[in-house]
Amino acid sequence: MKIGVFSLTCCEGCSVQFLNIESDILKLVEKFDIKNFRLIKERNEMPVDIAFVEGFPSNDEEVEKLSYIRENSKILVSMGACASNAGIPGMVNYAGKKAKGIKEYVDVDYFLYGCPFSIDELMELISCIFHGKEFRNKNQNVCSECYLRGVDCLLDKHILCMGGVARAGCNAVCPYNGHECSACRGGYEGIDIKSHARLLLSKGFSEEEIIDAYEMYMHEYVEELKKWLKER
Ligand code: SF4
Ligand code: SF4
Ligand code: SF4
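In this text, all values refer to a predicted model and were calculated from it rather than measured experimentally.

Caption draft 1: The site of ligand 2, seen in detail. Taken together, Val142, Cys143, Cys146, Tyr147, Cys153, Leu154, Leu155, Cys161, Gly163 and Pro175 make up the full set of residues adjacent to ligand 2. Counting residues per element, the shell around ligand 2 draws most heavily on helix H6 (residues 142-148), at 4 residues.

Caption draft 2: Structural detail: the site of ligand 3. Taken together, Val142, Cys170, Val173, Cys174, Pro175, Cys181, Ser182, Ala183, Cys184 and Arg185 form the complete shell of residues around ligand 3. The cavity where ligand 3 resides is the largest pocket. When residues in the shell around ligand 3 are grouped by element, the largest group, 3 residues, is from helix H7 (residues 173-176). When grouped by side-chain class, the residues that make up the shell around ligand 3 number 8 nonpolar, 1 polar and 1 charged.

Caption draft 3: Region of interest: the packing of aromatic side chains. Under the criterion given, the structure shown has 5 aromatic pairs. Ring centres of Phe18 and Phe37 lie 5.8 Å apart, and the angle between their planes is 90°; on these two criteria the pair is classed as edge-to-face. Of this pair, Phe18 sits in helix H1 (residues 13-19) while Phe37 is found in strand E2 (residues 33-37), placing the two residues 19 residues apart along the sequence. Take Phe18 and Phe37: they sit in the same class, and that class is buried. Put simply, the rings of Phe18, Phe37 and Phe52 pair up and form one aromatic cluster. Taking NZ or CZ as reference, Arg149 lies 3.5 Å from the ring centre of Tyr176, over its face.

Caption draft 4: Representation of the sheet that holds strand E1 (residues 2-7) in the model. Spatial ordering of the open sheet is given by E2-E1-E3-E4-E5, a layout of 5 strands whose pairing is parallel. Two strands close off the open sheet at either side, each with one partner strand: E2 and strand E5 (110-112). Sheet twist, expressed as the mean angle between neighbouring strand axes with direction ignored, is 25°. Where helix H5 (residues 119-131) meets the sheet, its contacts fall on strand E3 (48-54), strand E4 (73-79) and E5, and the angle it forms with E5 comes to roughly 160°.

Conventions and cut-offs
- Residues numbered from 1 in each chain as written.
- Chains lettered and ligands numbered in written order.
- Predicted model: local features only at pLDDT ≥ 70, side-chain atom pairs only at ≥ 80, totals over all residues.
- Heavy atoms only, no water.
- Near = heavy atom within 4 Å.
- Helix = DSSP H or I, 4+ residues; strand = E, 2+ residues; numbered from the N terminus.
- 1 Å grid on protein atoms, 1.4 Å probe; cavity = no way out; pocket = protein on both sides within 12 Å on 5 of 7 lines; lining within 4 Å.
- Sits in = over half its atoms within 2 Å of the grid points.
- Nonpolar A, V, L, I, M, F, W, Y, C, P; charged D, E, K, R; others polar.
- Phe/Tyr/Trp six-rings, centres within 6.5 Å; stacked < 30°, edge-to-face > 60°.
- Buried < 20%, exposed > 50% of the residue type's maximum accessible area, 1.4 Å probe, protein only.
- Lys NZ or Arg CZ within 6 Å of the ring centre and 35° of its normal.
- Pairing = 2+ DSSP bridges.
- Axes fitted to C-alpha atoms, helices over the stretch in contact; angles between N-to-C directions.
- Contact = heavy atoms within 4.5 Å.

See the structure below:
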């Protein structure tokens, strides 16, 4: 199977994460022929069977590049928060600019969420594709994984953790290590931001703190959140 790793506007941290597969990359190379990966290859070729795309298109040239990748790949995987919804650079939208994830431009077959994405999830996706099995993103919150790991909730220590609305799949790595979840994997489907905001208010966080926490990765929900906070 021919694969390619492609970068649009971003920090390229997800490409570096791809290289962090370490011993697993050796197994990967045995099964896959890496045809296109700017960080490790001088000569790049198309088409590919699977295109892993990080970043978001920030100009016409990158929109064209993304279309070209789509036309020349059988499966396209959105890799990381920037590809998903423009991630942290997407905060320019609050200043009236336009930064959108790649699904707004082309069809995306699979999403690897996170900043950067999870290596375990990448390996699971590759295994599913290789064995013809269905790959599904988790659709619970990070709290569900956090409870299983026996973490004392950070909200009770007045640390604003976004695990209640963030999509699971990272095994609650941040809270487990004592850091708040910033929802880098975005929101899971059907999240209830009003209940979440009510919870955060009841824990003593201010409206501004809650909005700030949503603004980093949860762009899609900020307007609704602000409206609800204003009208409640
Ligand atoms: S998702 Fe995070 S690590 Fe990946 S390219 Fe964007 S900023 Fe970098
Ligand atoms: S620490 Fe965060 S992820 Fe863990 S239970 Fe509390 S809010 Fe949820
Ligand atoms: S705990 Fe939250 S911030 Fe950390 S990797 Fe998971 S979703 Fe991202």
